Amino acid sequence: ALGGAWAPAVDIYEHEGNLVLKAELPGIDPKDVDVKVENNVLTLQGERKFESEVKREQYHRVERAYGTFSRAFTLPSVVDTEKIKAEFTKDGLLLVTMPKREEAKPKQISIAVSK
(Lines give C-alpha, C1' and ligand atoms only; values in the text may rest on other atoms or scores of the structure.)
Protein backbone atom coordinates (compact mmCIF):
# COMPACT_ATOMS: atom_id res chain seq x y z
CA ALA A 1 0.00 0.00 0.00
CA LEU A 2 1.61 3.21 -1.14
CA GLY A 3 1.22 5.99 1.34
CA GLY A 4 -1.39 4.02 3.26
CA ALA A 5 -1.40 3.69 7.01
CA TRP A 6 0.61 0.79 8.35
CA ALA A 7 1.63 -0.42 11.77
CA PRO A 8 5.07 -1.66 12.79
CA ALA A 9 5.27 -4.95 14.69
CA VAL A 10 5.71 -4.37 18.43
CA ASP A 11 6.65 -6.60 21.36
CA ILE A 12 6.14 -5.48 24.96
CA TYR A 13 7.73 -7.48 27.76
CA GLU A 14 9.16 -7.16 31.26
CA HIS A 15 12.90 -7.21 31.80
CA GLU A 16 14.79 -6.52 35.03
CA GLY A 17 12.00 -4.48 36.60
CA ASN A 18 11.36 -2.48 33.43
CA LEU A 19 8.62 -2.68 30.86
CA VAL A 20 10.29 -2.77 27.43
CA LEU A 21 8.65 -1.97 24.12
CA LYS A 22 10.47 -3.15 21.01
CA ALA A 23 9.24 -1.92 17.61
CA GLU A 24 10.57 -3.01 14.23
CA LEU A 25 11.27 0.09 12.16
CA PRO A 26 13.83 -0.97 9.53
CA GLY A 27 14.51 1.53 6.79
CA ILE A 28 13.20 4.44 8.84
CA ASP A 29 15.32 7.43 9.77
CA PRO A 30 15.24 7.91 13.56
CA LYS A 31 14.57 11.61 12.85
CA ASP A 32 11.22 10.53 11.34
CA VAL A 33 10.11 8.79 14.55
CA ASP A 34 8.35 10.48 17.44
CA VAL A 35 7.82 8.88 20.87
CA LYS A 36 5.67 10.65 23.43
CA VAL A 37 3.84 9.93 26.68
CA GLU A 38 0.70 11.71 27.76
CA ASN A 39 -1.78 10.62 30.44
CA ASN A 40 -0.15 7.19 30.69
CA VAL A 41 -0.47 6.61 26.94
CA LEU A 42 2.71 5.97 24.98
CA THR A 43 2.42 6.99 21.34
CA LEU A 44 4.80 6.01 18.54
CA GLN A 45 4.47 7.97 15.35
CA GLY A 46 6.61 8.18 12.29
CA GLU A 47 6.96 7.81 8.60
CA ARG A 48 8.75 5.47 6.23
CA LYS A 49 9.56 7.60 3.24
CA PHE A 50 9.67 6.19 -0.27
CA GLU A 51 13.29 5.97 -1.48
CA SER A 52 13.68 9.06 -3.59
CA GLU A 53 16.46 7.69 -5.79
CA VAL A 54 14.06 5.20 -7.40
CA LYS A 55 11.15 6.67 -9.28
CA ARG A 56 7.77 5.22 -8.46
CA GLU A 57 7.15 4.09 -12.03
CA GLN A 58 10.42 2.10 -11.94
CA TYR A 59 9.09 -0.25 -9.27
CA HIS A 60 7.91 -3.65 -10.46
CA ARG A 61 6.49 -4.68 -7.11
CA VAL A 62 5.90 -2.84 -3.86
CA GLU A 63 5.20 -5.02 -0.83
CA ARG A 64 6.82 -2.97 1.90
CA ALA A 65 4.58 -0.47 3.60
CA TYR A 66 5.32 3.22 3.25
CA GLY A 67 3.80 6.34 4.67
CA THR A 68 2.94 7.33 8.19
CA PHE A 69 2.19 5.11 11.15
CA SER A 70 0.86 5.71 14.61
CA ARG A 71 0.45 3.28 17.49
CA ALA A 72 -0.73 4.04 21.00
CA PHE A 73 -0.34 1.88 24.09
CA THR A 74 -1.90 2.45 27.48
CA LEU A 75 0.80 2.04 30.11
CA PRO A 76 0.16 0.43 33.47
CA SER A 77 0.16 2.99 36.27
CA VAL A 78 3.31 1.41 37.76
CA VAL A 79 5.46 2.90 34.97
CA ASP A 80 7.54 5.92 35.99
CA THR A 81 6.83 8.09 32.94
CA GLU A 82 9.55 10.58 33.96
CA LYS A 83 12.25 7.97 33.39
CA ILE A 84 11.25 6.48 30.04
CA LYS A 85 14.16 6.14 27.61
CA ALA A 86 14.07 5.41 23.88
CA GLU A 87 16.92 4.26 21.67
CA PHE A 88 17.22 3.26 18.04
CA THR A 89 19.51 0.32 17.27
CA LYS A 90 21.62 -0.02 14.13
CA ASP A 91 19.35 -2.74 12.76
CA GLY A 92 16.25 -0.56 12.91
CA LEU A 93 14.76 -1.60 16.25
CA LEU A 94 13.27 1.04 18.50
CA LEU A 95 13.66 0.11 22.17
CA VAL A 96 11.61 2.03 24.71
CA THR A 97 12.57 1.21 28.30
CA MET A 98 9.97 2.10 30.91
CA PRO A 99 11.11 1.67 34.52
CA LYS A 100 8.56 0.84 37.17
CA ARG A 101 8.13 3.25 40.05
CA GLU A 102 10.06 2.33 43.16
CA GLU A 103 6.85 1.92 45.17
CA ALA A 104 5.57 -0.56 42.60
CA LYS A 105 8.52 -2.90 43.09
CA PRO A 106 8.19 -5.62 45.73
CA LYS A 107 9.91 -4.56 48.92
CA GLN A 108 11.42 -7.00 51.36
CA ILE A 109 10.36 -6.25 54.93
CA SER A 110 12.78 -7.41 57.56
CA ILE A 111 11.23 -9.19 60.52
CA ALA A 112 12.47 -8.28 63.95
CA VAL A 113 12.63 -11.17 66.40
CA SER A 114 11.58 -10.21 69.93
CA LYS A 115 13.76 -11.65 72.65
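You'll find the structure just up there.
Now for a description of the structure that goes with this document. (Residues numbered from 1 in each chain as written. Predicted model: local features only at pLDDT ≥ 70, side-chain atom pairs only at ≥ 80, totals over all residues. Heavy atoms only, no water.)

Helix and strand content of the chain: zero helices and seven strands. In sequence order, the secondary structure elements of the chain are arranged as β-β-β-β-β-β-β. The C-alpha atoms of the chain give 20 Å as radius of gyration, which overshoots the globular expectation for 115 residues (13 Å, by more than 25%). With respect to the three principal axes, the spread of C-alpha positions in the chain is 85 × 25 × 20 Å. Burial statistics for the chain: of 115 residues in total, 28% are counted as buried. (Helix = DSSP H or I, 4+ residues; strand = E, 2+ residues; numbered from the N terminus. Rg over C-alpha atoms; globule rule 2.2 N^0.38 Å. Buried < 20%, exposed > 50% of the residue type's maximum accessible area, 1.4 Å probe, protein only.)

For the rest of this paragraph, the subject is the side chain of Thr-43. Here Thr-43 shows up in strand E4 (residues 41–48). Residue contacts for Thr-43: discarding those within four places in its chain leaves Asp-34, Val-35, Lys-36, Ser-70, Arg-71 and Ala-72. (Contact = heavy atoms within 4.5 Å.)

In terms of burial, strand E7 (residues 93–99) is a largely internal element, six of the seven residues being buried. Both strand E2 (residues 18–24) and E7 contribute to a ladder of seven bridges, which runs antiparallel. By the bridge assignment for E7, Leu-21 is matched with Val-96. Relative to E7, strand E6 (residues 85–88) is paired through four bridges, and the arrangement is antiparallel. Each bridged residue has a counterpart across the sheet, and for Ala-86 the counterpart in E7 is Val-96. Linking E6 to E7, which pair antiparallel, is a turn of four residues; within it Gly-92 sits at a positive phi near 80°. (Pairing = 2+ DSSP bridges.)

For the rest of this paragraph, the subject is the pattern of salt bridges. Two side chains bearing opposite charge may form a pair once their charged atoms approach each other closely. One pass over the full model with this rule turns up six salt bridges. Residues Asp-29 and Lys-31 are paired through a salt bridge, measuring 3.0 Å at the closest nitrogen-oxygen approach. By relative accessible area, Asp-29 is classed as partly exposed at 31%. Two residues, Lys-49 and Asp-32, come together in a salt bridge whose shortest N-O distance is 3.0 Å. Linking Lys-49 in the loop between E4 and strand E5 (67–74) with Asp-32 in the loop between E2 and strand E3 (33–38), this pair joins segments that are 17 residues apart in sequence. Taking the relative accessible area as the measure of exposure, Lys-49 reaches 45% and is therefore partly exposed. Note on Asp-32: relative accessible area 23%, which makes it partly exposed. (Salt bridge = Lys/Arg side-chain N within 4 Å of Asp/Glu carboxyl O.)

Pairing of E3 with E4, which is carried by six bridges, proceeds in the antiparallel orientation. Across the sheet, the residue bridging to Lys-36 is Thr-43, located in E4. Once E3 ends, the chain turns through two residues before running back antiparallel as E4, passing Asn-39 with a positive phi of about 50°.

A separate point is the sheet that holds strand E1 (residues 10–15). Strand order in the open sheet made by the four strands is E1-E2-E7-E6, with antiparallel pairing throughout. The strands lining the two open edges of the sheet, one partner per strand, are E1 and E6. Mean inter-strand twist for the sheet, computed between neighbouring axes without regard to direction, equals 20°. (Axes fitted to C-alpha atoms, helices over the stretch in contact; angles between N-to-C directions.)

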